[in-house]
Amino acid sequence: MQRKFKINVDGRPYTVTVEEITEGSSLIFPEPGSMNIPEPTAATPNPDAASTPAMPAAGPGDEVSPLAGVVQTVLVKVGQDVNEGDKLVAVEAMKMVTHVFSHRAGKVTAIAVKDGDAVDVGQVLLTIG
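Residues numbered from 1 in each chain as written. Predicted model: local features only at pLDDT ≥ 70, side-chain atom pairs only at ≥ 80, totals over all residues. Heavy atoms only, no water.

J.: Quick question: what am I supposed to make of the overall build of the chain here?
T.: Regarding its fold elements, the chain presents one helix and 10 strands. Its helices and strands in sequence order give the chain the pattern β-β-α-β-β-β-β-β-β-β-β, from N to C terminus. Going through the 129 residues of the chain one by one, you find that 19% of them count as buried. For the chain, the proportion of contacts with a sequence separation of at least 24, taken over those separated by at least 6, is 49%. On the chain, roughly 10000 Å² of surface is accessible, and the fraction owed to carbon and sulfur atoms is 57%. (Helix = DSSP H or I, 4+ residues; strand = E, 2+ residues; numbered from the N terminus. Buried < 20%, exposed > 50% of the residue type's maximum accessible area, 1.4 Å probe, protein only. Contact = heavy atoms within 4.5 Å. Areas by Shrake-Rupley, 256 points an atom, 1.4 Å probe, with all protein chains shown as cover.)

See the structure below:
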(Lines give C-alpha, C1' and ligand atoms only; values in the text may rest on other atoms or scores of the structure.)
Protein backbone atom coordinates (compact mmCIF):
# COMPACT_ATOMS: atom_id res chain seq x y z
CA MET A 1 0.00 0.00 0.00
CA GLN A 2 1.34 3.41 -0.94
CA ARG A 3 1.05 6.39 1.38
CA LYS A 4 1.87 10.05 0.82
CA PHE A 5 3.73 12.16 3.37
CA LYS A 6 4.83 15.77 3.59
CA ILE A 7 8.34 16.17 5.00
CA ASN A 8 10.71 19.08 5.55
CA VAL A 9 14.43 18.76 4.83
CA ASP A 10 16.59 21.76 5.73
CA GLY A 11 13.48 23.91 5.78
CA ARG A 12 12.32 22.85 2.29
CA PRO A 13 8.96 21.03 2.07
CA TYR A 14 8.70 17.83 0.00
CA THR A 15 5.80 15.49 -0.78
CA VAL A 16 6.92 11.85 -0.91
CA THR A 17 5.15 8.60 -1.72
CA VAL A 18 6.19 5.60 0.36
CA GLU A 19 5.25 1.97 -0.19
CA GLU A 20 4.66 -0.10 2.94
CA ILE A 21 6.32 -3.51 2.83
CA THR A 22 4.51 -6.21 4.78
CA GLU A 23 5.10 -9.93 5.45
CA GLY A 24 4.94 -11.89 2.22
CA SER A 25 5.59 -8.94 -0.07
CA SER A 26 8.68 -8.99 -2.28
CA LEU A 27 11.67 -7.37 -0.62
CA ILE A 28 14.19 -5.23 -2.40
CA PHE A 29 16.82 -5.87 0.27
CA PRO A 30 17.49 -9.14 2.13
CA GLU A 31 16.58 -9.67 5.76
CA PRO A 32 19.18 -8.37 8.24
CA GLY A 33 21.95 -10.95 8.71
CA SER A 34 20.87 -12.89 5.62
CA MET A 35 22.97 -13.30 2.50
CA ASN A 36 20.00 -14.53 0.46
CA ILE A 37 19.15 -11.95 -2.18
CA PRO A 38 16.05 -12.47 -4.30
CA GLU A 39 16.71 -13.16 -7.99
CA PRO A 40 15.80 -10.25 -10.29
CA THR A 41 12.65 -10.88 -12.28
CA ALA A 42 13.65 -8.99 -15.42
CA ALA A 43 16.84 -7.37 -16.63
CA THR A 44 16.69 -3.60 -16.58
CA PRO A 45 18.62 -1.85 -19.32
CA ASN A 46 21.36 0.56 -18.29
CA PRO A 47 20.31 3.97 -19.68
CA ASP A 48 23.91 5.25 -19.57
CA ALA A 49 25.20 2.38 -21.72
CA ALA A 50 23.27 3.48 -24.79
CA SER A 51 24.20 7.15 -24.53
CA THR A 52 27.93 6.63 -23.84
CA PRO A 53 29.95 5.82 -26.94
CA ALA A 54 32.42 2.97 -26.55
CA MET A 55 36.01 4.10 -26.16
CA PRO A 56 38.30 2.64 -28.85
CA ALA A 57 40.97 0.27 -27.58
CA ALA A 58 44.46 1.68 -27.21
CA GLY A 59 47.03 0.57 -29.76
CA PRO A 60 50.70 -0.30 -29.27
CA GLY A 61 51.98 3.30 -29.57
CA ASP A 62 49.17 4.96 -27.65
CA GLU A 63 49.72 6.74 -24.36
CA VAL A 64 46.56 6.66 -22.23
CA SER A 65 45.26 8.59 -19.25
CA PRO A 66 45.90 6.79 -15.95
CA LEU A 67 42.93 8.54 -14.30
CA ALA A 68 39.80 10.54 -15.02
CA GLY A 69 40.39 14.27 -14.94
CA VAL A 70 41.02 17.34 -17.06
CA VAL A 71 43.99 17.84 -19.37
CA GLN A 72 45.94 20.71 -17.84
CA THR A 73 48.74 20.87 -20.43
CA VAL A 74 49.87 18.94 -23.48
CA LEU A 75 53.67 19.21 -23.28
CA VAL A 76 54.54 17.88 -26.77
CA LYS A 77 53.63 18.61 -30.40
CA VAL A 78 52.96 16.37 -33.40
CA GLY A 79 56.27 15.49 -35.05
CA GLN A 80 58.31 15.97 -31.87
CA ASP A 81 60.84 13.26 -30.96
CA VAL A 82 60.44 11.90 -27.42
CA ASN A 83 62.50 9.53 -25.30
CA GLU A 84 61.22 6.91 -22.89
CA GLY A 85 60.33 8.68 -19.62
CA ASP A 86 59.70 12.14 -21.13
CA LYS A 87 56.70 14.10 -19.76
CA LEU A 88 53.91 14.18 -22.32
CA VAL A 89 50.69 15.43 -20.71
CA ALA A 90 49.63 16.85 -17.33
CA VAL A 91 46.20 15.66 -16.13
CA GLU A 92 44.50 17.35 -13.17
CA ALA A 93 42.07 15.52 -10.91
CA MET A 94 40.86 16.74 -7.51
CA LYS A 95 43.38 19.61 -7.57
CA MET A 96 46.27 17.16 -7.99
CA VAL A 97 48.37 17.12 -11.17
CA THR A 98 49.52 13.77 -12.57
CA HIS A 99 52.08 13.67 -15.38
CA VAL A 100 51.84 11.07 -18.12
CA PHE A 101 55.29 9.85 -19.16
CA SER A 102 56.34 8.23 -22.43
CA HIS A 103 56.61 4.44 -22.28
CA ARG A 104 58.73 4.34 -25.44
CA ALA A 105 61.00 6.44 -27.60
CA GLY A 106 59.76 7.68 -30.96
CA LYS A 107 57.99 10.51 -32.73
CA VAL A 108 54.60 11.93 -31.68
CA THR A 109 52.33 11.07 -34.62
CA ALA A 110 48.94 12.19 -33.24
CA ILE A 111 47.52 14.10 -30.29
CA ALA A 112 43.92 13.23 -29.38
CA VAL A 113 43.33 15.84 -26.64
CA LYS A 114 43.88 19.52 -25.97
CA ASP A 115 44.21 21.67 -22.86
CA GLY A 116 40.94 21.72 -20.90
CA ASP A 117 39.55 18.43 -22.30
CA ALA A 118 37.93 16.02 -19.83
CA VAL A 119 39.42 12.52 -20.04
CA ASP A 120 38.48 9.10 -18.67
CA VAL A 121 40.70 6.32 -17.39
CA GLY A 122 42.30 4.54 -20.36
CA GLN A 123 41.39 7.24 -22.87
CA VAL A 124 44.04 7.71 -25.59
CA LEU A 125 45.91 10.99 -25.14
CA LEU A 126 48.44 10.71 -27.97
CA THR A 127 50.26 8.25 -30.19
CA ILE A 128 54.00 7.70 -30.51
CA GLY A 129 55.19 5.99 -33.69
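More follows now that the structure is in view.
J.: What is the right way to read the side chain of D117 from this model?
T.: Checked against the element boundaries, D117 lands in the loop between β8 (106-111) and β9 (118-119). Separated by 2.9 Å, the side chain of D117 and the backbone nitrogen of K114 make a polar contact. Discounting residues that sit within four places of it in the chain, D117 has contacts with G69, V70 and V71. (Polar contact = N/O pair within 3.5 Å; in protein donor to acceptor, adjacent residues only side chain to side chain.)

J.: Help me out: how do you make sense of the sheet that holds strand β7 (residues 96-101) in this one?
T.: Sheet strands pair via backbone hydrogen bonds, and the direction of the pair is either parallel or antiparallel. Ordered by their spatial adjacency, four strands build an open sheet running β7-β6-β4-β9, and the pairing between neighbours is antiparallel. Only two strands of the sheet have a single partner each, and these edge strands are β7 and β9. Sheet topology note: the strand β4 (residues 69-74)/strand β6 (residues 87-93) ladder contains four bridges and is antiparallel. Among the inter-strand pairings, V74 is bridged to a residue of β6, identified as V89. (Pairing = 2+ DSSP bridges.)

J.: What is the right way to read a nonpolar patch on the surface from this model?
T.: Residues F5, I7, V9, Y14 and V18 make up a contiguous nonpolar surface patch of roughly 390 Å² in combined accessible area. For the nonpolar patch, the leading source of residues is strand β1 (residues 2-9), giving three residues. Along the polypeptide, I7 turns up in strand β1. Residue class for I7 comes out partly exposed when judged on its relative accessible area of 37%. (Patch = residues over 30% accessible without salt bridge, like charges linked within 9 Å, V, L, I, M, F, W, Y side chains within 5 Å. Salt bridge = Lys/Arg side-chain N within 4 Å of Asp/Glu carboxyl O.)

J.: I keep staring at the sheet that holds strand β10 (residues 124-128) and nothing clicks. Help me out?
T.: In spatial order, the strands read β3-β10-β8-β5; together these four strands make up an open sheet with antiparallel pairing. Edge strands, defined here as strands with exactly one partner in the open sheet, are β3 (62-64) and β5 (81-82). For β3 and β10, the ladder comprises three bridges, and the chain directions are antiparallel. Following the sheet pairing, E63 is matched in β10 by L126.

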